[in-house]
Every structure is written in C-alpha cells, then in structure tokens.
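Descriptive structure summary
Listed below are the residues making up each chain.
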Amino acid sequence: MAVIGRTEDGVRSSPVASALVWLAGIAREYGSLVLVLICWELVARLSLVPPYLMPPFNEVLVRIWAEIGDGTLWVNLLDTLRRTLVGFGIAVVAGVAIGLLLARSSTAEWLVGPLVSIGFPLPKIVFLPIFILWFGVYDTSKVIMIVCDAIFPVITATVAGAQGVERQIIWSARNLGAGERDLLWTIILPAAAPQILSGIEVSLPIALIVAVITEMMLGGTGIGAAMMESWRFAESTGVFAGLLELSIIGFLLIRSMNALRRRLLRWHAEAQADLV
Amino acid sequence: MITRLKSCLGLLLLMLLWEIAPRVGLVRMDILPPLSRIFIAWLGLASSGELWTHGVISLFRAFSGAAIAIVVGTVLGVAMAASAPVRIFFRPLMEALYPIPKSALIPITALWLGLGNASQITLIALGCILPVAVGAYNGARGCERVLIWSGRALGAGKMRTLVDIVVPSALPELLSGIRTALALCLVLLVSSELIVSKNGLGYLIGFLGGSGIYDAMFAAVLTIAIFGLIVDRLFLRYIRWVLSWQ
Amino acid sequence: MVAPMEHAGPGRVETGSEDAQIVVSGVSHVYRPKHGRQVLALDDINLTVRRNEFVALLGPSGCGKSTLLYLTGGFLPVEQGTICVLGETVRKPGPDRGIVFQHFALFPWKTVRANVMYGLERKGVPRREAEVRAAEILVQVGLKGFEDSYPSQLSGGMRQRAAIARTLVLDPATLLMDEPFGALDAQTRNLMQIELLALWRRSPKAVVFVTHDVHEAVYLAERVVVMSARPGRIKAIVETGIDRSDPEFVKSRAFVEKVDEIWHLIHEEDGKAAP
Ligand SMILES: Nc1ncnc2c1ncn2[C@@H]1O[C@H](COP(=O)(O)OP(=O)(O)OP(=O)(O)O)[C@@H](O)[C@H]1O
Ligand SMILES: [Mg+2]
C-alpha cells in the first residue's frame, strides 16, 4: 500500500514500484480472465473432460497459428468481415435514409411506419430459407439477410432522433435562413447523430451474429462455415479456434465503433454531463 | 378508427401484392406462393399435427433457455452491482465475452451436448445471460445511494434492501435487457434448429425447404415470425404495466 | 393606431418609412394538440411597434407571450388576423426577424464560432468575411477566447450571449427576444441588460422583449405591453417615459412609480384569475 502511495505522490517512483502498481492494475483488470484461462488449460490437461469436448487452450492457439501459417485464417476472416461490413454498411445508409424519410414525410410514415414497427421485433432469421430459395446460397443471400436484420435498429433510432430534435433548434435554423436541404444536412442529421450512432452500435453486433449464422447454414467460406466444418469432424480445436477468432473480430469491431462515436460526438460527451 | 385503418394500409397493400403478384405471373408461383395458398398449407400443417409437435419442442427449448438466462443473469448482475469481489471477478469475464457473436456458440453446444434439447437450451441460456446481466448490473448500479440509505435507515437488512429497493429501481434497464434477450433467444433457437437439430420448428422449415414443399415452408416461417412479434408485443405490454409507476 | 394592411406588398415598402415596424392586427391563435383539448392562446391581439422601438411584453405565465413571438417570427402559421413586419405580411421565418429563444437553442454540435457563422453561411457570405464578422460580434458580447468552445462548455450567461451574438451578427431590423435573461442570476442579468441597451443604442432596431420581470421591463423598454391571462389579451400599454441619461435612473422616483403602476396592473389580473 505504502509503495503505491509513494508512486502516486511521484516523490520516489522506483521502476520496481511502478512495475508493481502496473501489475496490480493488470491483475484487477484481467485477473479473473487469466484465472479462467488457466483453469481451462488445467481441466483439459488433466483430462477432466475428454479433449474432443474441450481442447487445451494452448492447442487452440497452436491451431490458430497454423491457420495463419497456411493462410486459411485470412481467407475466412476477410470473408466474414467483408460480408459483415458490406451488409452493415448498406443497412446504415439505407436505414438512415428510410428513417429520415419516415420522420419528415407523413405519407411515408403511415405507409411504411407500421411495416417497420412490425418488422423490428420479427425474428427475421427465419426468412433465411426463403432467401436461399430466391437468391441461392452465395453472398447475395448472406448479405441481404444481414441487411434485413441490421437495418431496423438504425431506422428506429434515426426516426426517434430526427423527431426528437428540439422545435426551437429547427426554428433557429430557419430563422437564420436555412432552407429544407440545409435543415436536413446541417441541423437534423447532426442533431440526431447521437441516437443514430446508438442505433448503429446495436446493429453492428447483429450484423456479425447474422453473418456467422448465414455462413454456418450456407457453408462456403468464412469463419462460421469453417467452424461447422470442424464440428462435423468433431475437431474441437477447430471449433474453439473459430470461437476465439470471432471474439477477436467482435472485440475489434466494437472498439472501432466506440472510437468513431467518441470522434463524431465530441460536442455531445460533455453536453450530457451538464445538461440541466 | 381512421388512423387505425391508415396504419394497417401499408400492411394490407403488401399482403394484397403478395397475393396478386404470383397469380398474375409477376413472380414465379413456386418461388413465392400467394398468401392464400400459404394459409391453406398452414391449415394442412396444423391439422396433420406437425406444427404442434415441432412447435411444442421449440417452445419448451425457448422457454427453458430464456428462464435460466433471466434468473441467472439477474442474480449475477445485481450481485455484481452489490458486491465488489463479485464485480472484480466477473467484470473482466463479461467484458471479454460480450463481443462474441452469440451465434458462434451454436457449434460449441452442439459439440458438447449433441443434437437434443439440452444443447439448444444451453445455447439459449448462455447466449441470453449477458444482455440480462448487463441490464441488471447497469440498472442496479444506477440505483441512487440515498434510496439505499433510506431503506437501511428504515430498518431493512442488506438482503431486504437488495430485493425491495435495488431490484425495483434496476427494473427499467433490466426489463429492456430481457427484451433484447428474448429477441436473441428466438434467433438462436431458430438458427440452431435450422443448422443442428432433428426437430423443432426451425428443423421443420429446413426440412420443408429441402423437400421443395415451399408453401408449407412459408407457412412455418410466418408462424415463427408472428409468434416472435406476439411475444415482443406482450412483453412490451408487460413492461409498461410493471413500470406504470414511472 | 392599427392600420389594416390589406395591400401590403412589394409596392408598399415605404411603409417602413412610416412610423410602424411591426403591425399585429386582429390576431388570435388556437392550439389544437393531437391529444388533449384546444387552447385559445391569443384572443384578438392588436399591437403596433414603432420603428426602432424597444417594447417589453409582460404577463402571467401561459398568457401567450411566446406564442405571439412565434407568430411574429413566422414559426407558427397566422391563422386569424395578420402580422406585418416592415410592410410585409409574415408567412415564414426569415433572417430579417432575429429571434432569441428562452432556452438559447444553440446548435450543441457546433462551436460558438460555427454557431455564429451559421446564418452568414446560409446567406452566402464568403468564409473569410464570415469569420471576421463572427469574431467581431463575439468580442462585442464578451465571448472572446471562447470561439472554439462547444455550448455545453459554457455557463448559462455565456450561452445566452452566444445565442444573442448568433442572432445579432445578421443585424436583423427586428429583434424578438423570449425571456432571454430568465435563466440568469441577478448579477449577470443586470450586466446583460446594460449590454443589450448599449447594443440597441449603437445599432437601433425594433425589439420585442418578453419578460416576467416588471423591473426589467421598465428598465429596458420604451413601452410595456401588459397582457392578461387565458385567453391572452392585451390589457394595457404603458409608456415608460424614463430618462435613461442619468446612470442612477433606477433609483429615480419616476422609475419606481412606473414599476409600481405596472405591478398594480398585473395584480388586478391575479384577483380576476382566482375565482
Ligand atoms: N404546443 C402547444 N400545444 C398546446 N397548447 C400550447 C402549446 N404551446 C402553448 N400552449 C398553450 O398556449 C398558452 C400560451 O402559451 P405560451 O407559451 O405562449 O405562454 P407564455 O406566455 O409564453 O408563458 P410563459 O411565460 O410560461 O413562457 C398556454 O396556456 C399553453 O398551455
Ligand atoms: Mg414563454
């Protein structure tokens, strides 16, 4: 404790002390994670469960290393990532456009609004067999399925954001000479941005989840397909390697989303702090 | 009344289009059967009992998995908010597991437990715990300290405070976490039944599609879709009712 | 006093050289919310604001002061009666009538400078010139050094000044202000009042200033319009006739008596609203 106190004072921060502080922080931050991984390794090593159910952690890492070596990892990873991002991108652009239309036009609102409110809670994944029937088992089906699932959070968030813009903000802009087009681009879109981004944040993980499902169902390339392949041959290291790879992709996607949000909403982070 | 009608118009138009487009040859009949044929196929599925046998299996899986996830998730989330050791242990795990696309668990539980109920229930439970736990944790953490203090001052013990004060004030976030979990539950159920199962509605859809009986496949698909819609609407009603004090 | 403006149009721009800047004639306004009952917010309002006159609008909460301002600004449609500003019938919002809202309505995603430049950009003023003009006006309202702050990083008084600067930079001939100092502490409020008066003298314009505060109304305005509660009607128009050349005029007898007179007018209103 005393050691930590001293380093914080900055009086005599020996390298040993600061290393200790750093270690304590790491332990607090990741301790349980490391513990669980060690348990995993022990359980598997001591053969408490058969290896075809749970391979040792290090073997999973070796497997991933091998996949990197022979290049299969990149192929699968890029395929999964590409489908996820293409579907997600279409969902975002179309979702924002539809959302703005719904928020600004009453005709669109009563024609399409109910469809959106019904479509949102539907488990849209059940339509996958229909899409296979219509578009085959290749990327078209996969991407359309991803768009179908990822678009709804964006639409509803955009509608909520655009309708929630304070009346006086819009009036101010009009008063300062903004036309309809200015209003949309310089006022409504930025004012709705926080909500739109929240919707996008919901839809990104959905896109990944659905991408994996479509790959598992339709086969071909991608990490999901590779996992099913390993599963069929009861190759547990392959299945777990896929799980780990997907976790890393998910982690990276969420991280970049957060970074984007912080960048775009610099004005908003503080605004929330002292909103009356 | 007018607004009611108006709000259905878009849907009615879509249904009409669905009925007419295949009949006039705008799309191929076998690829998109008209709505009326799908309804007839549905009656066939229902009367042959297929819909019910598979439906009951799916319902059982969904219900058990969701129930486990809700109970475990709530307890975990509240415990994390209330106790520092629990939080220090579980927070890193939660943060590490959160980004995993839940569908990646499908082959894992299938590997562990094979193709039966146990596999699907475990999958749903594992996949849905996190949204519930995160909702419970955030909600419980947001509970104002003065509320807890006044509970203690009024003579409530630690456990009582937790149940009487922390959980109710966590309710809005907890319920919205559960709503997410329910949606996820259906997705995991259907997709795992489609991919690794020998029964359940998802399997039925895959089977019908594989055998080329498309009108029946559409009927089964719409059944699940409508079921999901009804579950969500009912749960939303329930949320409104529970939170009517707000 | 109220001139019907039937023939208002481009041909009669000279009306501006007449005495009237804003002419409100026979204006009533009904709110028809989707749910809930209709509210008659304004009932047959007739009011003329003279050229470059400073008018205060005073009245109990809910009497329709904001509504009248929104109608003049062109934000709500004038459904009954007419409002003319400088001879033109009001139909839509425009930069000739600057408005400062009660809650600032700054664009939170833009810096102070970008907020102030927004109107200039819409007018097509070249960027460099817009920057110079924004910088000038920000110095005038005392926000030098805060050009790159976001509204959320400013104090209430500073936000108010930013909102005023954003409106003033377009130099509108008519300025509509809705309880602009309502959220400020007494000291900042007084400072802002002094600044506003100085600004108005430097660049004369017609000002309609909504307030709850009798003292503030008499302090600032040449005429005080007192409104009565639901439905909003004009109860009285009082010329303040204060000689503001004396720096201590707030303590003068004339000032105190004016405040008192208007107080009484408003309190009669309390008596009526009670039963
Ligand atoms: N959007 C609206 N829908 C329905 N009624 C409204 C709406 N806005 C205002 N009203 C009603 O119109 C009346 C006048 O409102 P207004 O905001 O003009 O009053 P005000 O004099 O500005 O009050 P305050 O001093 O509190 O700001 C009020 O009785 C209010 O209830
Ligand atoms: Mg008002």
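Rules used throughout
Residues numbered from 1 in each chain as written. Chains lettered and ligands numbered in written order. Predicted model: local features only at pLDDT ≥ 70, side-chain atom pairs only at ≥ 80, totals over all residues. Heavy atoms only, no water. Helix = DSSP H or I, 4+ residues; strand = E, 2+ residues; numbered from the N terminus. Salt bridge = Lys/Arg side-chain N within 4 Å of Asp/Glu carboxyl O. Buried < 20%, exposed > 50% of the residue type's maximum accessible area, 1.4 Å probe, protein only. Contact = heavy atoms within 4.5 Å. Near = heavy atom within 4 Å. Polar contact = N/O pair within 3.5 Å; in protein donor to acceptor, adjacent residues only side chain to side chain. Areas by Shrake-Rupley, 256 points an atom, 1.4 Å probe, with all protein chains shown as cover. Buried area = accessible area lost by both parts, 1.4 Å probe. Axes fitted to C-alpha atoms, helices over the stretch in contact; angles between N-to-C directions. Parallel < 35°, antiparallel > 145°, perpendicular 65-115°, else oblique. Left-handed = near helix turned anticlockwise from the far one by under 90°. Nonpolar A, V, L, I, M, F, W, Y, C, P; charged D, E, K, R; others polar. Core = buried A, V, L, I, M, F, W, Y, C linked by side-chain atoms within 4.5 Å. Pairing = 2+ DSSP bridges. Domains from an automatic or database assignment.

Quick look at unusual backbone geometry now. Located in the positive-phi region is L86(C), a residue other than glycine, with phi close to 50 degrees. On the secondary structure map, L86(C) appears in the loop between β4 (80–85) and β5 (88–89).

Now for the pattern of salt bridges. If you walk through the whole model with that rule in mind, you get 31 salt bridges over all chains. Between R104(A) and E180(A) there is a salt bridge whose closest N-O contact spans 3.8 Å. Remark: E180(A) occurs in helix α9 (residues 180–218) and R104(A) occurs in helix α4 (residues 72–104); sequence separation between them is 76 residues. Since its relative accessible area comes to 49%, E180(A) is described here as partly exposed. D43(C) is paired through a salt bridge with R233(C); the nearest N and O atoms lie 2.7 Å apart. Of this pair, D43(C) sits in strand β2 (residues 39–50) while R233(C) sits in strand β10 (residues 233–239), and the two are 190 residues apart along the sequence. What emerges from the salt-bridge pattern is a single network uniting D79(A), R82(A), R83(A), D139(A) and E215(A).

The next subject is the side chain of K205(C). Residues and elements named next belong to chain C. Tracing the sequence through the fold places K205 in the loop between α5 (186–202) and β8 (206–211). A relative accessible area of 3% means that K205 is categorised as buried. Non-local contacts of K205, meaning those with residues more than four positions away in its chain, are made with N52, E53, L168, D171, P172, A173, L175 and W200.

Attention now moves to the site of ligand 1. All names here are of chain C. Lining the immediate environment of ligand 1, one finds 15 residues, of which S61, G62, K65, S66 and T67 sit closest. With respect to ligand 1, the backbone of G62 contributes an N or O atom lying 2.8 Å from an oxygen atom. Within the side chain of K65, one N or O atom sits 2.7 Å away from an oxygen atom of ligand 1. Protein coverage of the free-state accessible area of ligand 1, which is 630 Å², stands at 71%. Among the elements of the structure, β2 and α1 (65–73) are those that each provide at least two residues to the shell around ligand 1. With three residues, α1 is the single largest residue contributor to the shell around ligand 1.

Listed per partner, the contact involves 20 residues of chain A and 27 residues of chain C. In total, chain A and chain C occlude about 2200 Å² of area from one another, counting both sides; carbon and sulfur atoms represent 64% of this. Of all residues in chain A, W171(A), N175(A) and L176(A) give up the largest surface area on contact with chain C, accounting jointly for 33% of the area buried on that side. The partner of R122(C) in a salt bridge is D182(A), and the shortest N-O contact between them spans 3.2 Å. At the junction of chain A with chain C, the criterion picks out eight residue pairs in polar contact (both at pLDDT 80 or more).

Here we come to the packing of helix α3 (residues 50–82) of chain B against helix α4 (residues 84–97) of chain B. When two helices pack together, their arrangement is given by the angle between the helix axes and by the axis-to-axis distance. Residue and element names in this part refer to chain B. Two elements in contact, α3 and α4, have axes whose closest approach is 7 Å; the angle formed by their N-to-C orientations is 125 degrees. The orientation of α3 relative to α4 falls into the category oblique. Considering the relative orientation of α3 and α4, their crossing is left-handed. Residue-level contacts link L76, A79, M80, A81 and A82 of α3 to A84, V86, R87, F90, R91 and M94 of α4. Of the residues assigned to the contact of α3 with α4, the class counts are nine nonpolar, no polar and two charged.

To continue, consider the interface of chain A and chain B. The partner chain B presents 50 residues to the 45 residues of chain A that form the contact. Together, W110(A), L133(A) and W231(A) form the three largest contributors to the area buried by chain A at its contact with chain B, with a combined 14%. Between the two partners, chain A and chain B, sit zero salt bridges. For the pair chain A and chain B, the interface holds four residue pairs in polar contact (both at pLDDT 80 or more).

All right, on to the nonpolar core then. Among the nonpolar cores identified, the biggest contains 187 residues, and F127(A), F54(C) and I262(C) are the most heavily contacted of them. In terms of residues, this core owes the most to one element, α9(A), which gives 17 residues. Ignoring sequence-local partners within four residues, the contact set of F127(A) consists of L122(A), M145(A), V221(B), L222(B) and A225(B). The next biggest cluster of nonpolar side chains, apart from the first, holds 29 residues, and it includes I22(C), L42(C), V55(C) and I83(C).

Attention shifts here to the pairing of β4(C). Residues and elements named next belong to chain C. By the bridge criterion, five bridges tie strand β1 (residues 20–31) to β4 in an arrangement that is antiparallel. From the neighbouring strand, S28 faces β4, where its bridge partner is Q80. As defined by bridge partners, β4 adjoins β5 across two bridges and the pair is classed as antiparallel. Bridge pairing links V85 to E88 in β5.

Moving on to the domain arrangement of chain A. Residue and element names in this part refer to chain A. Domain boundaries assigned for chain A yield domain 1 (1–48) and domain 2 (57–273). Its C-alpha centre places domain 1 at a distance of 36 Å from the equivalent point of domain 2. Of the residues lining the interface, four residues belong to domain 1; the matching set on domain 2 comes to five residues. Taken over both partners, the interface formed by domain 1 and domain 2 buries close to 430 Å², and the fraction arising from carbon and sulfur atoms is 60%. A per-residue breakdown of the area domain 1 buries against domain 2 is headed by W40, E41 and R45, which together make up 81% of the total. The tally of links from domain 1 across to domain 2 stands at zero salt bridges. There are three residue pairs in polar contact (both at pLDDT 80 or more) connecting domain 1 and domain 2. The residue inventory of the side of domain 1 that touches domain 2, partitioned by class, reads two nonpolar, no polar and two charged.

Quick look at helix α5 (residues 106–113) of chain B now. Across the eight residues that make up α5(B), a large majority, six, are buried. The complete set of buried residues in α5(B) reads I106(B), P107(B), I108(B), T109(B), A110(B) and L111(B). Buried residues belonging to α5(B) abut α9, α10 (223–232) and α11 (236–264) of chain A together with α6 (117–141) and α8 (158–195) of chain B. Positive phi appears at G114(B), one or two residues downstream of α5(B), with a value of about 75 degrees.

The subject of this paragraph is the side chain of N76(A). Residues and elements named next belong to chain A. Relative to the assigned elements, N76 resides in helix α4. Here the side chain of N76 touches G222 through a polar contact of 3.2 Å, landing on its backbone nitrogen. Beyond its immediate stretch of four places on either side in the chain, N76 contacts T221, G222, I223 and A226.

All names here are of chain C. Most of strand β9 (residues 223–228) is tucked away, with six of its six residues classed as buried. The side-chain alternation of β9 yields two buried faces, one formed by R223, V225 and M227 and the other by V224, V226 and S228. The hairpin formed by β9 and β10 contains four residues between the paired strands.

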